[in-house]
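The residues making up each chain are set out below.
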Amino acid sequence: MSLLKSFLPSIAPKVQGWIEEQRAKHIGGARVLTDGEHERLAGYFPDAALTAARVKTVQRIENPPFLEGLLKQAAFFGIRVQFDFNGVSGITFVDCILVKEKAPSADLLFHEMVHVEQYRQLGTEGFVQAYVRGMVDGGLVYERIPLEAIASEMTARFAAGEKFNVADELAASLRARGYLQDDNTGRQGKC
Ligand SMILES: [Zn+2]
């Protein structure tokens, strides 16, 4: 694992470049949230975040070009992973949410909006650092990536009808994990 960790510095910039590329490719053809979607998520997310978010329905979600090499390296270290973006129903590039369904479920949109908020609080670079570090620490198991675990846990509570403020809880959670420093909270107002 420590060998795998040594790849971190080389992986993160590639992931960030891919995220920015994908966002640029899709943001133009993406739509705003429908009134119904906005209403359903209101109260959980800052209004500005819901207004700024974009959604695009795509045929397939592509794997990043460097994924194959990364998985080969992992296999070399005896780590067998199944990480295939083709199997996911949604993915978020900063404020641009890609989904496969024409009318994504509220749960799916909620999950992806938690990622939008993660990007907003951490910045793209901070998001990538936390995500990639989480991937490596968790042995490349999707569910063990803290940013995914947080999104899934919050989505389960949303689905159960609980009301809570995602931005506030997320900031506390990111701070507790050391992803967000106290002096960085001013970033929340930006983007
Ligand atoms: Zn996710």
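Since we're looking at a predicted model, the values are computed, not measured.

## What about the packing of helix α2 (residues 8–26) against helix α6 (residues 106–137)?
- For the pair α2 and α6, interaxial distance at closest approach is 10 Å and the crossing angle is 135°. Relative to α6, α2 is oriented oblique. Pair α2 / α6 crosses with right-handed handedness. Of α6, the residues touching α2 (which contributes Leu8, Ile11, Ala12, Val15, Gln16, Ile19 and Glu20) are Tyr119, Thr124, Glu125, Val128, Gln129, Val132, Arg133 and Val136.

## Some points on the coordination of the zinc ion
- Binding of the zinc ion to the protein goes through His111 (NE2), His115 (NE2), Glu148 (OE) and Glu148 (OE), at separations of 2.1 to 2.8 Å.
- Coordination at the zinc ion comes from 4 donor atoms whose angles at the metal span 51 to 150°, giving a geometry best classed as irregular.
- Donor residues for the zinc ion, ordered by position in the chain, follow H-x3-H-x32-E. Residue histidine 115 is found in helix α6, and its partner glutamate 148 is found in helix α7 (residues 146–159); the two are separated by 33 residues along the sequence. Note on accessibility: histidine 115 and glutamate 148 belong to one class, buried.

## Let's talk about the packing of aromatic side chains
- One pass over the full model with this rule turns up 10 aromatic pairs.
- Relative to phenylalanine 110, the ring of tyrosine 44 lies with its centre 5.4 Å away and its plane at 90°, an arrangement referred to as edge-to-face. Linking tyrosine 44 in the loop between α3 (35–41) and α4 (47–52) with phenylalanine 110 in helix α6, this pair joins segments that are 66 residues apart in sequence. For the residue pair tyrosine 44 and phenylalanine 110, the accessibility class agrees, reading buried in each case.
- On the basis of an interplanar angle of 15° and a centroid distance of 3.8 Å, the ring pair of tyrosine 119 and phenylalanine 127 is categorised as stacked.
- Exposure remark for tyrosine 119: the relative accessible area of 3% places this residue in the buried category.
- Three or more aromatic residues joined by ring pairs form one cluster here, namely Tyr44, Phe45, Phe110, Phe158 and Phe164.
- Over the ring of phenylalanine 164 we find arginine 157, and its NZ or CZ is 4.0 Å from the ring centre.

What counts, and where the lines are drawn
Residues numbered from 1 in each chain as written. Predicted model: local features only at pLDDT ≥ 70, side-chain atom pairs only at ≥ 80, totals over all residues. Heavy atoms only, no water. Axes fitted to C-alpha atoms, helices over the stretch in contact; angles between N-to-C directions. Helix = DSSP H or I, 4+ residues; strand = E, 2+ residues; numbered from the N terminus. Parallel < 35°, antiparallel > 145°, perpendicular 65-115°, else oblique. Left-handed = near helix turned anticlockwise from the far one by under 90°. Contact = heavy atoms within 4.5 Å. Donors = N, O, S within 2.8 Å, 3.2 Å for Na, K, Ca; no water. Tetrahedral: all angles 85-135°; square planar, octahedral: opposite > 155°, others 65-115°. Buried < 20%, exposed > 50% of the residue type's maximum accessible area, 1.4 Å probe, protein only. Phe/Tyr/Trp six-rings, centres within 6.5 Å; stacked < 30°, edge-to-face > 60°. Lys NZ or Arg CZ within 6 Å of the ring centre and 35° of its normal.

Just distances and angles here, no functional claims.
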